[in-house]
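Below are the chains, spelled out letter by letter.
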Amino acid sequence: MSSFIKYFTDLFGGIKSLLTGLTVTGKYFFSPGEIVTQQYPENRKNLVMFDRFKGEVIMPHNENNEHRCTGCGICENNCPNGSIEVISKRIETPEGKKVRIIDQHIYHLSMCTFCGLCIKTCPSNALAWGQEFEHAVFDRAKLTKILNKPGSSIIKGIEE
Ligand code: SF4
Ligand code: SF4
């Protein structure tokens, strides 16, 4: 192919590609009902992330400040990069039974790759994805979080 023909082939190919893109842009521009772009951070108050969004690992607690974590450490063992530290302790119940409970479930968000292995492998279903995504901080230590809330306890009936 001569360079003259190639020049015009490329030129018309470029124009066609441009018109294809402008057609899509024009469709959304003249169809307000189909707008998908969000004005962030102006929409911060009303912003709801979609269900499958992986913002951070959290430990859900119920209204009685109870969670499902037994302190077994399986999530820690399965985390590929050491983002989780489980510190548990042994206590004696009023019935005289010795049981292990979670002391601190430490999550290093700054090291997390959001693979989800900790959530998938937890036998008690104690972890979940949270939807918080504004993680910018000046102090890196703030990205280390204790997932079990102060004063919380395990939901009765959940055994290791
Ligand atoms: S979050 Fe799940 S896997 Fe991790 S220590 Fe608690 S119960 Fe075990
Ligand atoms: S999501 Fe993956 S990297 Fe993050 S804490 Fe869980 S297992 Fe570790």
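Scroll up for the structure.
Thresholds, definitions, all that
Residues numbered from 1 in each chain as written. Chains lettered and ligands numbered in written order. Predicted model: local features only at pLDDT ≥ 70, side-chain atom pairs only at ≥ 80, totals over all residues. Heavy atoms only, no water. Helix = DSSP H or I, 4+ residues; strand = E, 2+ residues; numbered from the N terminus. Rg over C-alpha atoms; globule rule 2.2 N^0.38 Å. Buried < 20%, exposed > 50% of the residue type's maximum accessible area, 1.4 Å probe, protein only. 1 Å grid on protein atoms, 1.4 Å probe; cavity = no way out; pocket = protein on both sides within 12 Å on 5 of 7 lines; lining within 4 Å. Points joined across faces, edges and corners; volume = space filled by probe spheres on them. Nonpolar A, V, L, I, M, F, W, Y, C, P; charged D, E, K, R; others polar. Near = heavy atom within 4 Å. Sits in = over half its atoms within 2 Å of the grid points. Core = buried A, V, L, I, M, F, W, Y, C linked by side-chain atoms within 4.5 Å. Contact = heavy atoms within 4.5 Å.

Caption draft 1: Spotlight on the overall build of the chain. What the chain contains, in helices and strands, is three helices and seven strands. For the chain, the N- to C-terminal ordering of α and β elements is α-β-β-α-β-β-α-β-β-β. Against the globule reference of 15 Å for 160 residues, the chain gives a C-alpha radius of gyration of 25 Å, more extended than a compact globule. Across its three principal directions, the C-alpha atoms of the chain cover 90 × 40 × 35 Å. When burial is assessed residue by residue, the chain has 25% of its 160 residues classed as buried.

Caption draft 2: Inspection of empty space enclosed by the protein at higher detail. Under the counting rule described, the total for this entry stands at two cavities of 30 Å³ or more. Each pocket or cavity is described by its volume, and for the largest cavity that value is around 90 Å³. Around the largest cavity, the lining comprises 14 residues; the ones closest to its centre are C69, C72, C75, H105 and C122. Taken together, the residues that form the lining of the largest cavity break down as nine nonpolar, five polar and no charged. For the second largest cavity, the lining is made up of 13 residues, of which C79, C112, F114, C115 and C118 are closest to its centre. A class-by-class count of the residues in the lining of the second largest cavity yields nine nonpolar, four polar and no charged.

Caption draft 3: Local environment of the site of ligand 1. What surrounds ligand 1 is a group of 14 residues, the closest being C69, C72, G73, C75 and C122. For ligand 1, the cavity whose grid points lie within 2 Å of the majority of its atoms is the largest cavity. Residues of the shell around ligand 1, tallied by class, amount to nine nonpolar, five polar and no charged.

Caption draft 4: Examining the nonpolar core more closely. Counting 17 residues, the largest nonpolar core has V57, C75, I84, Y107, C118, L127 and L147 as the members making the most contacts within it. Among the elements of the structure, β3 (84–92), β4 (98–108) and α3 (117–121) are those that each provide at least two residues to this core. Not counting residues up to four positions away in its chain, the partners in contact with L127 are V57, I58, M59, P60, C75, H105, C118, I119, C122 and L147.

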